Structures are given as C-alpha cells and as structure tokens.
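Residue-level listing of the chains:
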Amino acid sequence: MPGEWGARFWVTLAVSAEAADELRYDPAAGAVMIRCGSRWAALATSDPAIQVTGHDSLDALAADFEENGYFSLATRAETAPVLGLRFNLDMMPEGRWCAAVADAPGPALEQARAGLDPAPLPSLAADDGGLGAIRDILGWNTVWDGTNRRRYTAVSRVWNLGDYAVFANDQAYAALLAAPLDPVLARENLAIALGTATPQGNLAALVSSHDAWTDRSQPPLGALIAWMIYLRSGDRAGLAAHFATLLRHQRWWRAARDPEGSGLVSCGTSDVGTALYKGTHFAARNETGMDNSATHDEAVLDPATGCLSTWDLGLNCAVALDAEMLALIAAELGEAETAAEMAALAETHRALIRDRLWDPERKIFANRQRSGGFVEALAPTAFYPLLCGAADAAQTAHLLAHLGDPEMFGTPFPLPASPACQPAYAENVYWRGRIWPNVTYLVWLGLKRAGEDAAASRLAARSRDLFERNWQDRVAGENFNAETGEALDQGDADPFYTWAALLPLIGVEEACGISPWAGWVLANGPDCVLGPLETPAGRAVLRREAGWLSLERSGAVLLLAGAAAVLACGFGYCLLSGLTGFVPLVFAAMLGLMLLHRTPVLAALPLAAIAAIAVQQIFGRLLLVPLPRSGLLSFLW
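Not measured: the values here are computed from a predicted model.

K.L.:
Could you give an account of the packing of helix α6 (residues 222-233) against helix α9 (residues 313-332), with specific residues and numbers?
P.N.:
Two elements in contact, α6 and α9, have axes separated by 8 Å at closest approach and are oriented at 40°. When the interaxial angle is binned, α6 and α9 end up oblique. When the axes of α6 and α9 are compared, the crossing they make is left-handed. Across the interface between the two elements, A223, L224, W227 and Y230 of α6 pack against L321, D322, M325, L326, L328, I329 and E332 of α9. The class makeup of the residues in the contact of α6 with α9 is 9 nonpolar, no polar and 2 charged.

K.L.:
Report on the side chain of S270, specifying residues and quantitative values.
P.N.:
Position of S270 relative to the elements: it lies in the loop between α7 (236-256) and α8 (281-285). Given the relative accessible area of 17%, S270 is considered buried. Among the polar contacts listed, one links the side chain of S270 to the side chain of R257, at a separation of 3.0 Å. Once residues lying within four places of it in the same chain are set aside, the contact partners of S270 are D215, W252, R257 and K278.

K.L.:
Can you tell me about the environment of A19, naming the residues and giving the values?
P.N.:
In this fold, A19 is placed in the loop between β1 (10-15) and β2 (22-26). Overall, the relative accessible area of 73% leaves A19 in the exposed class.

K.L.:
Hey, could you go over the sheet that holds β2 for me, with residue numbers and the actual values?
P.N.:
Read from one edge to the other, the open sheet built from 4 strands follows the order β2-β3-β4-β7, with strand pairing classed as antiparallel. At either margin of the open sheet sits one strand with a lone partner, and together these are β2 and β7 (97-102). Shown here is a sheet whose adjacent strand axes are inclined to one another by a mean of 15°, direction ignored. Sheet topology places strand β3 (residues 31-36) next to strand β4 (residues 39-45); 6 bridges connect them, and they run antiparallel. Considered in β4, the bridge of M33 is made with A42.

K.L.:
Summarise the pairing of β3; cite the residues concerned and give the values.
P.N.:
Summarising the sheet, β2 and β3 pair through 5 bridges and their orientation is antiparallel. Bridging across to β3, E22 finds its partner in R35. Between the end of β2 and the start of β3, which pair antiparallel, lie 4 residues, with G30 showing a positive phi angle near 65°. Linkage of β3 to β4, two consecutive antiparallel strands, is achieved through a turn of 2 residues, within which G37 is found at a positive phi near 65°.

K.L.:
A description of the environment of A417 should follow, citing residues and the corresponding values.
P.N.:
Mapped onto the elements of the fold, A417 is located in the loop between α12 (393-404) and α13 (423-427). Look past the residues within four positions of A417 in its chain and what remains in contact with it is L378, A379, P380, W431, G433, R434 and W436.

K.L.:
Could you give me a rundown of the nonpolar core, with the residues and numbers involved?
P.N.:
Formed by 126 residues in total, the largest nonpolar core has its most connected members in I134, I353, Y441 and L530. Of all the elements, α9 adds the most residues to this core, at 11 residues. What Y441 contacts, discounting residues up to four positions off in sequence, is L176, M228, L502, L505, I506 and E509. Listed in part, the 14 residues of the second largest apolar core include V32, I34, L83 and L85.

K.L.:
Can you lay out helix α16 (residues 502-511) for me, pointing to particular residues and giving the numbers?
P.N.:
Of all 10 residues that make up α16, 9 are buried, and the element is covered over most of its length. Of all the residues in α16, the buried ones are L502, L503, P504, L505, I506, V508, E509, E510 and A511.

K.L.:
Break down the pairing of strand β6 (residues 82-88) for me, with residues and values.
P.N.:
The element β6 is extensively covered by neighbouring structure, given that 7 of its 7 residues are classed as buried. Residues of β6 alternate between two faces, with V82, G84, R86 and N88 on one and L83, L85 and F87 on the opposite face, all of them buried. Of the strand pairs in this sheet, strand β5 (residues 51-55) and β6 are connected by 5 bridges, and their pairing is antiparallel. The residue of β6 that forms the bridge with T53 is G84.

K.L.:
With reference to specific residues and values, describe the sheet that holds β1.
P.N.:
Within the open sheet, the 3 strands sit side by side as β1-β6-β5. Their pairing is antiparallel. What marks the edges here is a single partner per strand, and that holds for β1 and β5. Mean inter-strand twist for the sheet, computed between neighbouring axes without regard to direction, equals 25°. As judged from the 6 bridges shared by β1 and β6, these two strands associate in the antiparallel manner. In the sheet register, T12 faces β6, and the bridge partner there is R86.

K.L.:
Explain the pattern of salt bridges to me, using residue names and the numbers behind them.
P.N.:
A side chain of one charge can pair with a side chain of the opposite charge when the charged atoms of the two come close. Counting across every chain of the model gives 33 salt bridges. The partner of R96 in a salt bridge is D117, with the nearest N and O atoms 3.2 Å apart. One end of the pair, R96, is in the loop between β6 and β7; the other, D117, is in the loop between α2 (105-114) and α3 (131-141), and 21 residues separate them in sequence. Since its relative accessible area comes to 57%, D117 is described here as exposed. D297 is the salt-bridge partner of R432, the closest N and O atoms lying 2.9 Å from each other. Of this pair, R432 sits in the loop between α13 and α14 (437-449) while D297 sits in the loop between α8 and β12 (301-302), placing them 135 residues apart in sequence. With relative accessibility at 15%, the residue R432 sits in the buried group.

K.L.:
Explain the packing of aromatic side chains to me, using residue names and the numbers behind them.
P.N.:
Applying the stated criterion across every chain, the model contains 19 aromatic pairs. Ring geometry for W358 against F365: centres 4.8 Å apart, planes inclined by 70°, an arrangement best described as edge-to-face. Through pairs of rings, three or more aromatic residues link up here, namely W159, F167, Y173, Y430, W431, W436, Y497 and W499. The ring of Y152 has R150 lying over it, and the distance from NZ or CZ to the ring centre is 5.9 Å.

K.L.:
An account of helix α10 (residues 336-356) is requested, with residue identities and associated values reported.
P.N.:
In a regular helix each residue adds 1.5 Å, so 21 residues correspond to 30 Å; α10 covers 30 Å between its end C-alpha atoms and thus fits that length. For α10, the full list of buried residues reads T338, A339, M342, A346, H349, R350, L352 and I353. Seen along its axis, α10 keeps its buried residues to an arc of 165°; they face one direction. Away from its buried face, by an angle of more than 90 degrees, α10 presents the exposed residues A336, E337 and D355. Buried residues along α10 sit against α7, α9, β15 (358-359), β16 (364-365) and α11 (384-388).

Calculation rules
- Residues numbered from 1 in each chain as written.
- Predicted model: local features only at pLDDT ≥ 70, side-chain atom pairs only at ≥ 80, totals over all residues.
- Heavy atoms only, no water.
- Axes fitted to C-alpha atoms, helices over the stretch in contact; angles between N-to-C directions.
- Helix = DSSP H or I, 4+ residues; strand = E, 2+ residues; numbered from the N terminus.
- Parallel < 35°, antiparallel > 145°, perpendicular 65-115°, else oblique.
- Left-handed = near helix turned anticlockwise from the far one by under 90°.
- Contact = heavy atoms within 4.5 Å.
- Nonpolar A, V, L, I, M, F, W, Y, C, P; charged D, E, K, R; others polar.
- Buried < 20%, exposed > 50% of the residue type's maximum accessible area, 1.4 Å probe, protein only.
- Polar contact = N/O pair within 3.5 Å; in protein donor to acceptor, adjacent residues only side chain to side chain.
- Pairing = 2+ DSSP bridges.
- Core = buried A, V, L, I, M, F, W, Y, C linked by side-chain atoms within 4.5 Å.
- Salt bridge = Lys/Arg side-chain N within 4 Å of Asp/Glu carboxyl O.
- Phe/Tyr/Trp six-rings, centres within 6.5 Å; stacked < 30°, edge-to-face > 60°.
- Lys NZ or Arg CZ within 6 Å of the ring centre and 35° of its normal.
- Expected span 1.5 Å × (residues − 1).
- Arc of directions from axis to C-beta.

Here is the structure:
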C-alpha cells in the first residue's frame, strides 16, 4: 500500500485440527501435516513461512503478537495445538495456500502442492448481466457454521442471530441464487432450508443457535425452488430426496391453517415449542414474511385456533403454487396418484383466490376477513395471483393498470410494499412502503407466467437500475426506498443482504433462465456476456452481441441465433433453391453449422451429406412435401 512498508504488515495462517492424532510443521516439506487415524491432510504454501510458532489456542497466538511483537522467537515450534505460519507483505506481497486430504502423507502433500498453481478461474465479462454481483453477494455471505459443521449462505453477516440462523425461505432463496453458479452450494442450501422441518410437518420459520420458531412457518416456496433447481441441474435424486418433506409441508398448511375448512388459509401460531413470540399476533404474521405490513393491521388473533382473522392473499397464492409444483414433481417421480391430488388442490385453490380474494370495487386482489370484508391496506402480493395462475384475463388487465399507476405501484422505483396512495407508503419503515427484492422477483415471475413479457422486461430493467445505483457503492440492500432508490436511508437497513441478489438474478433469468412451466428459456436482447453458468446443457457461456445470441460450452458453439440469421436463411433459400435444389442447400447449411461447432472437416462432410439426404427423404418422399429438385440429384425422389 502506498506510503507503507510491507514488512510491518503480517499475515498469519493459524492451523488447528479437532481430535487430530498428529499436527506438525514439516520444515523439509514446507507444509503442515495433520493425521486423524489413518487419514492425512497437508497444508502447503506457495512461499515458505518466515517463521512457524506454536500456541495452546488462537487467543494465545494473538496475545503473543500483542505482547512480544513480530521479532520474538520465543514461541517457535513445529508441533502445538495451534500452529501460526507467519508471513509479511514485503517478503510475500502475494501468496497462495492449499490443503488436500489423502490416506497417506505423500499423496496428500503432492495434491496440496499441485493445488498451489490451479487453472485460472473463469472471469466474468464487464457487462455480465448481473452474474458477478450474485457471485460476490453469495461469496461474502456463505460462511462456516461451526455448530453444525457445514457451510451455508447466511441472510447477512450483519445480523447477530447466534452462531447460525436459518430462515426457511431465505435459505431457499439462497439455493435458487446459487444454482446458476454453484450447484453443490444450491443443493446444500436447499437441504438446510428443508432441514428446518418439524415433526408436525411445517418448516420452522427460523432455527438458530438461540431458538426454533417451530410454532410458525413461512410461505411455502420450497417446491417451486426445488423444481427450478431440478430443471437446471437434472438432479433427480435430490428432487426425490426432498419430495416427502415438501409434501408434508403442503398438507400441514391445509390441516393447521384453515380453521373453518374454507379451502383458504390464514396465518397463525401453533401451540408447540417454546419460541420467542409464540402465541402472539406478531408470531402469526411472521408466517407471511411481511412482519409489519399494513395488511396485518386489521387482523385479529383468535386464541382458540391460533390463526389471524384474515385470509392472507400472498400466503394463499404461495400455498396454491406449492401444490401445483408438487404435482409437477410427483409426475416427474412417477407418483401419479399424488400428482393428480396436488393438481386438483391447486386448481381448487386458484378458483377460490380468483373468486373470493378479488375486490370487485377496487378491481384488485386483497386480504379479506373470513367474516367477509376486504382489508383496506394493499401490498404487491396483489400481483401474486399471476404467479399461481389464479387471475383471469380481465383481472390481469386491471393488475397491469395498477402496476403502472403512480398512485398505486408505479412509483419511481418498483415495487413498494404499500401503494403510494395509502398512509403506510409514506412511513417508509420496513414492510410499510419499502421495496423488497424477494417480492419483486415473485411478481416478475408471475408476469412471465401470465405472458406479459413486456411488463416483465420493464420491471426487470427498472429493478436492475435500482440495484446498480446501490451496487456501485457495493451496497446490496435488504430493502430500498421507493422514492429515492436508497438502501441505507433507514437505521435498520442491512447493507449486504443475500436476497438483494434476486434483483440482478431477474436480469440473468431474462436472458438465460429457468421457467417452472416452460423449462429452459433463452432470449436475445441487449449485449451482455453471461457465464460461465450452469445450464441444462452443462456449464456454458451465453453471449448477446450485435443482435446475435450464442451459447458456448468448452469453446464449442452449441447454439447461434439471431433475427438477421433467420432472414438471411429465408432469403437465401428463396433465391437459390430453384437453382441448386433442396439437398445442396441443406448440405451447405449443415456443413456450415458443423464447422461453426468446430467439427473436423473430414467428419463434417459425410455427416452433412447424410443429414441433408435424411431430411429430403423424410419430407420429400415420406411426407410428399414439394421440395425444389436438382437435376443432378433427381434420383433421390
């Protein structure tokens, strides 16, 4: 660093191992060797440590620096509970460390040394479509949970919730975010989210080292995210492993949160466990994830049932969507009876939402008292019926009008947790008026499902603008001001929250995404380079340049498309087919595509010829399509 001498800045790699039979520094190898039973681990460094010291604990290592500075040799050692490998930035301005495990010391050391010079990590382009932001947010918030001996993506490093904290929905969103970049982390995060399942069947809203909110849950989005991860990865075993837990969760909602058997559910808090807030209005509204939303202001907690007096719109849409996703999963796993049951539940639930939660006077979906009246306060969950497929064409048209109305949800930045015309909007406190990335993502997905691609693209572009305004200062907000777009204008605002990455994920999914209903979707658009990212075709790079869209895997082009290409092919066919005939044109097209995919010429020539003749035989002879003929090849007809 300018103006400083690197010799004054020390980096110490502290090494310890629980229950190790042996932990020592090998000066000849320049590595730390660890033995646990018959298994060995080696930790190698690219540069030799200036010195290695031994200590009883990490605190003792820190105390040695504080008391004796970095010139002291008193604690030099080759074996101790904690070894400190000490480096300074003058002698080692850059460095690498690598650990490896094997069943003998030699192979472990060899692998560790080999890992010191790995292949360069793939870099993301400057215009990466938001993928780099997702990577950075996940990278920072993915931490080690020492209590459960696992890595996981925390909601944030800022919140002091104990040694670990798992919110069921936040963890599922972390899995969704990891899927394009790290499928292993995606599987781990999803397993942790579903690991909150209780004996009753619900996923606990929160499980931490301090508490377990087993009396309540969160909107069931696990099946949606499990299905989307499966469509991207093809991991059938993972899908099957989670199915029973997801199904029990769906059944729990209908058994525990429909006190009148209406087919619609309410938020609640069950008489189980000893959680903080159990049995309170606050606990019940936790089930929506929208803790202080104005939509709960008119709800009353019934102590007898543990449920609020209202049907919550967003929760009902999530439960209906969950049933639909479970039907798709069951069908994929060959569970035909369960698939039919879940599909019927989803359809019935959609009809109830369409008929009973639509306010005909305001022309919008809203929460409703089970006794009859609609709740005055609105939220962007008004658009969730698009997500679960409940809104009909007329209702969809009204929703689109509300989405763009400046007095409703068409605020300077989208989408506010309260409409601009209601008092909660001006409060700008948490779920009263602020923008929440998870809600924006679900509304965008609903617009895509409804076929409202133009509205979805506008929401995607405006959301990316909102995110980029803050990301330029490396701020990834938990929520945002709907008027200014600021994330840190409130004292309780989190500056680096995991689900902030859902906003750039919308942009990534617009170009190369997974639709729960249509599968893998690629779309052309503004120039960008996405990847490497995980796709159903493997790890690939998507490029959009000058009107062309290409998909590349390991340097080979899997797909090349563009409006210009389609027009050129059509024009070329019209112009040349009468002169050359059908087969030569198809041969030339096939040959060109194979060469573009880097097929060797000697292999491409016969393959293109076979493909051209096969197409001609199918369409010209079997289907009797009147294809242009070439005099030289007329015998093919």
